[in-house]
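One-letter residues, chain by chain:
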Amino acid sequence: MKRHNGYIFWVLLLVTTVNSIYSQTPDVFRIEYMIMPENSGNIETSRIKLVLNVPIAVGEKNDYVILGAEYNRYNFEVPDDLFPNSNDLNKFHVVDVNLAYMYKLSEKWRLIGVITPRWSSNFVEEFQQDDFNMNFTAGTYKNIKDVEKPFILALGISYNSTSPIDIPLPFLYYEKRFHPNWSYVVGAPKSGMKYFTKKGHFFQTELFLDGYYVNIQNDILLPGNNLSTDVSSTALLLTLGYQYKITKDMSVYIIGGRSLFQNGVLRDEERNDIFTLNDATGLYFRTGFRIGI
C-alpha cells in the first residue's frame, strides 16, 4: 500500500478540486477555521471546514475508489438594516459527497473521474430542490520522482453547477522541485512557492481564488423589484503560511494574508449580479489540523 501513497495523494487533490473551482486540498482528514475580519465595507466572514476522504483499492491494476465528504459552514456578518430579511444571509452551508475513481493508464499516468453531489443553502427552511446540484471533474496526473528535479503535473476540467460561471472550467497544477529545499507551483486556481526543512517545518506563499455559491431559501426582494435567489463570493488572495509536521502524515498550520480582490453579490435566477454585498478588500487568516498521505 505504501508505494501507492503518492498516487492516492494526487487523486485526493483532484477529488477536492471539484468541491469548488477554488480549492486544491489533498487531505484524508482536515478540520479548519478561516476568518476575514471586518473590512472597510463593514463585512466579516468566517468559515468552519471539515474534510474526510477514504481511498479503497480495487482490481489488480492498483485502481482506487475514493469515497469522501466535505462540509463548509460560512458565517457572514451582514448589517441588519441593509435590506429586509438580511438575517437570512448570516449562515450558509455547503455539503459535498465525493465519488471518485482512479484508473492506472500507465506506470506514469493516472486518469481520475469524480462525481460530486452538493447541497448548498442558507437552510432557513426545510430542504428544497434548488439546494441540490451535481458537479463533475475529469483529470489526469503524472508524477516523476526519480530525476534530479522531480515534478508533478495534474490537469483536467471541472463542471461546477454552482459556480458563478456556468461552464466547464480547466484546472492545472504543476509543481517542480528545483532545489532540495525549494519548489514552485504554477496552476489555476492556485500558484505559489514552497520552502522545506528537514525538521518538519514548511513555509509557503500562495496566490489563489476562494469563494462560494449558495442558494437562498426565502428569496430576497430588493429595491427595484429585483428578486435574489442566490448569493456568491469570489476573492483573490495572497497569503504566507507555516506548517509543522507532528508526524509524517499529521500536521498543523496557520496562514495569513490579504484579499487583492473581493466580490460578494446577490444574484437573480439568471445568475446576474443585482446587489453588491462586499467589494472591499481586507485581511485573511486560516488555521487547522490535517492528516494526509
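- As recorded in an unreviewed UniProt entry, the protein goes by the name DUF6268 domain-containing protein, listed as coming from Maribacter hydrothermalis.

1. As for the nonpolar core
- Core analysis: the largest hydrophobic core is formed by 16 residues, its most contacted members being Phe 76, Phe 83, Leu 89, Phe 92, Val 231, Leu 266 and Leu 277.
- Broken down by secondary-structure element, the contributors of at least two residues to this core are strand 3 (63-77), strand 4 (91-104) and strand 11 (201-222).
- With 5 residues, strand 11 is the largest single contributor of residues to this core.
- Setting aside residues up to four positions removed in sequence, Phe 92 forms contacts with Asn 72, Arg 73, Tyr 74, Phe 76, Ser 121, Asn 122, Tyr 212, Val 214 and Val 231.
- Judged by nonpolar contacts, the second largest core, of 10 residues, contains Ile 66, Ile 112, Val 114 and Tyr 141.

2. Focus on the pattern of salt bridges
- For the structure shown, the criterion picks out 10 salt bridges.
- Residues Arg 118 and Asp 96 are paired through a salt bridge, measuring 2.7 Å at the closest nitrogen-oxygen approach. Of this pair, Arg 118 sits in strand 5 (residues 109-121) while Asp 96 sits in strand 4, and the two are 22 residues apart along the sequence. For the pair shown, Arg 118 and Asp 96 are each scored as buried.
- Measuring nitrogen to oxygen at the nearest pair gives 3.0 Å for the salt bridge that ties Lys 104 to Glu 107.
- Of the residues examined, Lys 104 reaches a relative accessible area of 14% and is grouped as buried.
- Overall, the relative accessible area of 57% leaves Glu 107 in the exposed class.

3. What about the packing of aromatic side chains?
- Under the defined criterion, the tally for this structure stands at 13 aromatic pairs.
- On the numbers, 6.3 Å between centres and 55° between planes, the contact of Tyr 174 with Tyr 184 is tilted. Residue Tyr 174 is located in strand 8 (residues 169-179), and its partner Tyr 184 is located in strand 9 (residues 182-188); the two are separated by 10 residues in the primary sequence.
- On the basis of an interplanar angle of 45° and a centroid distance of 5.2 Å, the ring pair of Phe 203 and Tyr 242 is categorised as tilted.

4. Describing the environment of Lys 198
- One can find Lys 198 in the loop between strand 10 (190-196) and strand 11.
- In this structure the C-alpha to C-alpha distance between Lys 198 and Asn 181, which are 17 residues apart in sequence, comes to 8.7 Å.

5. With respect to unusual backbone geometry
- In this model, Ala 188 is joined to Pro 189 through a cis peptide bond whose omega is 20°.
- Examined against the element boundaries, Pro 189 turns out to sit in the loop between strand 9 and strand 10.
- Positive phi is not limited to glycine here, since Asn 218 has a value of about 60°.
- Position of Asn 218 among the secondary structure elements: in strand 11.

6. Notes on a nonpolar patch on the surface
- Taken together, the side chains of Leu 52, Val 54, Ile 56, Leu 67, Leu 99, Ile 115 and Phe 136 define a hydrophobic patch exposed on the protein surface, amounting to about 560 Å² of accessible area.
- It is strand 2 (residues 44-58) that contributes the most residues to the nonpolar patch, 3 residues altogether.
- Residue placement: Leu 52 occurs in strand 2.
- With a relative accessible area of 44%, Leu 52 lands in the partly exposed category.

Cut-off values and rules
Here the residue numbers are simple positions, counted from 1 along each chain's written sequence. For this predicted model, a pLDDT threshold of at least 70 governs which residues receive local features, and a threshold of 80 or more governs which side-chain atom pairs are given and counted, while totals over whole chains, interfaces and linings are taken from all residues. For the side-chain quantities, the full set of heavy atoms in the structure was used; hydrogens and water were omitted. To qualify as a nonpolar core, a set must consist of buried Ala, Val, Leu, Ile, Met, Phe, Trp, Tyr and Cys residues joined through side-chain atoms within 4.5 Å. The rule is simple: take the accessible area with a 1.4 Å probe, protein chains only, and divide by the maximum for that residue type; under 20% is buried, over 50% is exposed, in between is partly exposed. Secondary structure counts use DSSP, requiring at least four H or I residues in a row for a helix and at least two E residues in a row for a strand, with both numbered from the N terminus. The contact rule is simple, with two residues in contact once any of their heavy atoms fall within 4.5 Å. We count a salt bridge whenever a side-chain nitrogen from Lys or Arg sits within 4 Å of a carboxyl oxygen from Asp or Glu. Pairing of aromatic side chains requires ring centres within 6.5 Å, counting the rings of Phe and Tyr and the six-membered ring of Trp. Pairs whose planes differ by under 30 degrees are stacked, by over 60 edge-to-face, and all others tilted. Distance thresholds for patches are 9 Å for like charges and 5 Å for nonpolar side chains (Val, Leu, Ile, Met, Phe, Trp, Tyr), applied to residues having over 30% relative accessible area and no salt bridge. Calculation of accessible area relied on Shrake-Rupley with a 1.4 Å probe; when residues are assessed, cover is drawn exclusively from the protein chains displayed.

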